[in-house]
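Letter by letter, the chains look like this.
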Amino acid sequence: MGIFGSLFGMDQLNGAHNAVMANYLLEQSTSATRITITKRLLVLSTSDRGDEMQLPPEEIAESLNSSLRTVQMNFVALACDNLGIAPPVPNTFWIHMNNPYLLGHKITKTTLMPH
């Protein structure tokens with residue numbers, strides 16, 4: 001969304017939406033689906049980071065494992081969208097986030113659970 005999305009909280013709300021949907025989807029998925037999502041996630045996380053060097057999948061996984069859960073789930077959402085896997089709740093959609101790594105610290109507990 002860019003600067004206006006950050007200023008008005010839309011990036012945070014959209015990221016929270018993706019994180020909740022992705023987390024729920026993973027809870028409901030088969031292991032085969034989770035493996036497919038993980039493989040796509042590893043490819044997308046490298047391209048979104050802009051790394052010129054291709055990192056081994058183990059290093060990418062380690063980096064994602066140490067990231068905030070909201071970052072991880074936004075990469076899952078990105079991978080699902082890329083694979084054509086619909087969100088688990090009818091009449092919803094994945095919201096594209098330009099860089100899930102930058103999103104993590106913007107989402108707070110208040111964003112995830114508004115009053």
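Described in the following lines is the structure provided in the data block. (Residues numbered from 1 in each chain as written. Predicted model: local features only at pLDDT ≥ 70, side-chain atom pairs only at ≥ 80, totals over all residues. Heavy atoms only, no water.)

Scanning the chain from N- to C-terminus turns up 7 helices and 0 strands. Of the regular secondary structure in the chain, the N- to C-terminal order runs α-α-α-α-α-α-α. Put simply, 72% of the contacts in the chain that link residues at least 6 apart link residues at least 24 apart. Surface accessibility of the chain: about 7,200 Å² in total, with carbon and sulfur atoms responsible for 60%. (Helix = DSSP H or I, 4+ residues; strand = E, 2+ residues; numbered from the N terminus. Contact = heavy atoms within 4.5 Å. Areas by Shrake-Rupley, 256 points an atom, 1.4 Å probe, with all protein chains shown as cover.)

Next up on the list: the environment of L41. One can find L41 in helix α3 (residues 31–49). Excluding residues that lie within four positions of it along the chain, L41 makes contacts with L64, Q72, F75, V76 and A79.

Of all hydrophobic cores here, the largest spans 20 residues; its most connected members are I37, V76 and W94. For this core, the secondary structure elements donating two or more residues are α2 (10–28), α3, α4 (57–65) and α5 (69–83). Broken down by element, this core gets its largest block of residues, 8 residues, from α5. Setting aside residues no more than four positions away along its own chain, V76 makes contact with A22, L26, I37 and L41. (Core = buried A, V, L, I, M, F, W, Y, C linked by side-chain atoms within 4.5 Å. Buried < 20%, exposed > 50% of the residue type's maximum accessible area, 1.4 Å probe, protein only.)

Turning our eyes to something else, we now look at the side chain of S67. Along the chain, S67 turns up in the loop between α4 and α5. Among all residues touching S67, those that are not within four sequence positions of it are Q72 and Y101.

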